[in-house]
Amino acid sequence: MDKARLSYLQVALGAALLVWLGFLAARSDQNFWFDEVFTLGAAGVNGTLDWDVLLRDVHPPTHVALVHLASQFVDGARPVLRAINALALIPLVLAFLLLRAEIGRQRATLAALVLVANTFFFLFSLELRVYGLLLGTAALGHVLLFCRLRAVRGAEPGLIATALALTGLHFFGAAVGTALLLGSAAEHVRAGRRRRALMPLGFAGLCVALTLGWAFVLGDVRGALGGALWIRNEFGPWIDFALNQPLLLAGVVLLLAARRQGATSPALVPVLWLLAPFGLVIAVALAISLHSPVVSTKNLTVGLPAMALVMGLAMPAPLLAALDRTVWSVVGVVAVCLGAAYSGGGTPQYIRW
């Protein structure tokens, strides 16, 4: 009988995806906004790649090159170009399948809900910028680190490949990819496997070298440094990031309440190992911000997969079972997703110009 019981967490995930599909259908033809126009111009959708612009940009050219390639199949700058973000579904689905195999359906579904039911997932799925691919690839990277810590065969080569992909997408991708590899190396050292730590350490160094080589050797971003960027050091990005995670915040409240009631979380892996990479990214970003501001709300979303994963792992079993048995889980998720669709359907600029 228990196997046949309706899983409301699964229903909630299905409902969230239905709201998301409705959002895509309703907003896929919206006009391009300022940042998207920059992408279209750099991609040379009606000509060739604008390497002069790309070499002066702080971002790697991978996403822009993909947009350029896609534009050849859709006859120029049309909203259908946004379908390129569907590539993010590949790492997202793979991450979910890996996670479900390791921690079970309920916990994997809860983690997926935290990742999907927020404004950024909706916004990035349409916006013609790199962030959709970045979020999906970061999710796979965090799950692969989790699998590596659990000694899953093939997890470390997959983690290395994912870190290199992150490096090719965005400088914050390079930061989190490097941090994930350092997390793997640190666990090797902690376990006394010093020689095995050399491989992830070496590839972490490669990620850094590729990023700096693009920025300062091949490209010329010096003119954008020294505080001349449109990003400013302020609390706005941090507040925006927190306010757009209602499901995550609700989960934190539930965890604190459960702890007060004496409920304990499963010790599947040390939570610190999963949150440490994003913590390292923040620390480095804050250090760089002393010279040139780099922290925007969108850049911070590379840490969202870590928090979603920890929420799925840390939820006490009795509370998780209760969430899976109540229809209010579905109601709450749908409400959050409708709000995310409304917010993501506009043209929000999460940074000050």
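You'll find the structure just up there.
Residues numbered from 1 in each chain as written. Predicted model: local features only at pLDDT ≥ 70, side-chain atom pairs only at ≥ 80, totals over all residues. Heavy atoms only, no water.

Take a nonpolar patch on the surface next. On the surface, a cluster of nonpolar side chains totalling about 480 Å² of accessible area is made up of Leu182, Leu198, Leu201, Leu280, Val284 and Ile288. Those elements giving two or more residues to the nonpolar patch turn out to be α11 (198–218) and α14 (271–289). At three residues, α14 tops the list of elements feeding residues into the nonpolar patch. Relative to the assigned elements, leucine 182 resides in helix α10 (residues 171–190). Taking relative accessible area as the criterion, leucine 182 reaches 31% and is therefore assigned partly exposed. (Patch = residues over 30% accessible without salt bridge, like charges linked within 9 Å, V, L, I, M, F, W, Y side chains within 5 Å. Areas by Shrake-Rupley, 256 points an atom, 1.4 Å probe, with all protein chains shown as cover. Salt bridge = Lys/Arg side-chain N within 4 Å of Asp/Glu carboxyl O. Helix = DSSP H or I, 4+ residues; strand = E, 2+ residues; numbered from the N terminus. Buried < 20%, exposed > 50% of the residue type's maximum accessible area, 1.4 Å probe, protein only.)

The subject of this paragraph is empty space enclosed by the protein. Summed over the entire model, instances satisfying the criterion amount to two cavities of 30 Å³ or more. In this structure, the largest cavity encloses a volume near 130 Å³. Mapped onto the lining of the largest cavity, the elements with two or more residues apiece are α2 (34–43) and α4 (62–74). For the lining of the largest cavity, the residue count by class is seven nonpolar, four polar and two charged. (1 Å grid on protein atoms, 1.4 Å probe; cavity = no way out; pocket = protein on both sides within 12 Å on 5 of 7 lines; lining within 4 Å. Points joined across faces, edges and corners; volume = space filled by probe spheres on them. Nonpolar A, V, L, I, M, F, W, Y, C, P; charged D, E, K, R; others polar.)

Packed helices, taken two at a time, are described by the angle between their axes plus the distance between the axes. Contact pair helix α5 (residues 89–103) / helix α6 (residues 105–116): the axes reach a minimum separation of 7 Å and the direction vectors enclose 145°. For the pair α5 and α6, the sense of crossing is right-handed. On α6, the residues that touch Leu92, Phe96, Leu99, Arg100 and Ile103 of α5 are Arg105, Arg107, Ala108, Thr109, Ala111, Ala112 and Leu115. When grouped by side-chain class, the residues that make up the contact of α5 with α6 number eight nonpolar, one polar and three charged. (Axes fitted to C-alpha atoms, helices over the stretch in contact; angles between N-to-C directions. Left-handed = near helix turned anticlockwise from the far one by under 90°. Contact = heavy atoms within 4.5 Å.)

As a further point, take the pattern of salt bridges. Between side chains of opposite charge, a pair can form as their charged atoms come close. For the structure on display, the rule yields nine salt bridges. Linking arginine 150 and glutamate 102 is a salt bridge whose minimum nitrogen-to-oxygen distance equals 2.9 Å. One end of the pair, arginine 150, is in the loop between α8 (131–149) and α9 (155–169); the other, glutamate 102, is in helix α5, and 48 residues separate them in sequence. Residue classification places arginine 150 among the partly exposed residues on the basis of a relative accessible area of 31%. Overall, glutamate 102 belongs to the partly exposed group, its relative accessible area being 24%. Here the residues in one salt-bridge network are Arg148, Glu156, Glu187, Arg190 and Arg193, joined through shared partners.

Keep in mind these values describe shape, not function.
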